[in-house]
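# Working through the structure, step by step
Okay, here's what each chain looks like letter by letter:
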Amino acid sequence: MNRRSDCPITCTLDLIGDKWTLVVLRDLLFFNKTKFDELLESPEKISTSVLTDRLHKLERAGLIEKSPYSTHRLRMSYTPTERGRTLTPVLNEIVKWGRRNLKDTVIFDRDSAQYDEE
């Protein structure tokens, strides 16, 4: 990855600061989605081409790894690496900030499969 500067904020944003990457990581880390079709089902409606691009980007960055889950060579399962899991506290802080500062935001409850108003 080409760096615009050596600033850790800039470098991090270059890696995960686009519109979709954190949404994909959210689904992998918080909702335990592992398959391409599961990731497509998110309410934000990511396109297949964008999802493919973000999965490749995250894999190249060492944040996720893929492995086949069937005998079909294109059926891959995606899981966060240890490095990818280190972003969990960052995502948690973004959730907290959003809940405090953005009116009418909700948290998705994995157990009930519904958004929680808290």
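Only a predicted model underlies this, so the values are computations on that prediction, with no experimental measurement involved.

### Quick look at the packing of helix H2 (residues 21-29) against helix H6 (residues 88-101)
Taken N-terminus to C-terminus, the directions of H2 and H6 make an angle of 110°; their axes are 11 Å apart at the nearest point. Between H2 and H6, the interaxial angle falls into the category roughly perpendicular. Facing Leu22, Leu25, Arg26 and Leu29 of H2, the residues of H6 in contact are Thr88, Leu91 and Ile94. Looking at side-chain class alone, the contact of H2 with H6 contains 5 nonpolar, 1 polar and 1 charged residues.

### A few points about the environment of Thr10
Along the chain, Thr10 falls in helix H1 (residues 8-16). Discounting chain neighbours no more than four positions away, the residues touching Thr10 are Arg4 and Ser5.

### A short note on the side chain of Arg26
Summarising the element assignment, Arg26 is placed in helix H2. Judged by its relative accessible area of 17%, Arg26 falls in the buried class. If sequence neighbours within four positions are ignored, Arg26 has contacts with Phe31, Ser42, Glu44 and Leu91.

### Structural notes on helix H4 (residues 48-60)
When the terminal C-alpha atoms of H4 are compared, their 18 Å separation across 13 residues agrees well with the 18 Å that a helix rising 1.5 Å per residue should span. Inspection of H4 places Leu51, Arg54, Leu55, Lys57 and Leu58 among the buried residues, and these make up the whole buried set. Summarising the axial view, the buried residues of H4 lie within an arc of 165°, below the 170-degree limit, and thus occupy one face. Turned more than 90 degrees off the buried face of H4, the exposed positions are Ser49 and Arg60. Contacts from the buried residues of H4 go to H1, H2, helix H3 (36-40), strand E1 (64-68) and strand E2 (76-80). Backbone geometry just downstream of H4 places Gly62 in the positive-phi region, at approximately 75°.

Quick notes on the rules
- Residues numbered from 1 in each chain as written.
- Predicted model: local features only at pLDDT ≥ 70, side-chain atom pairs only at ≥ 80, totals over all residues.
- Heavy atoms only, no water.
- Axes fitted to C-alpha atoms, helices over the stretch in contact; angles between N-to-C directions.
- Helix = DSSP H or I, 4+ residues; strand = E, 2+ residues; numbered from the N terminus.
- Parallel < 35°, antiparallel > 145°, perpendicular 65-115°, else oblique.
- Contact = heavy atoms within 4.5 Å.
- Nonpolar A, V, L, I, M, F, W, Y, C, P; charged D, E, K, R; others polar.
- Buried < 20%, exposed > 50% of the residue type's maximum accessible area, 1.4 Å probe, protein only.
- Expected span 1.5 Å × (residues − 1).
- Arc of directions from axis to C-beta.

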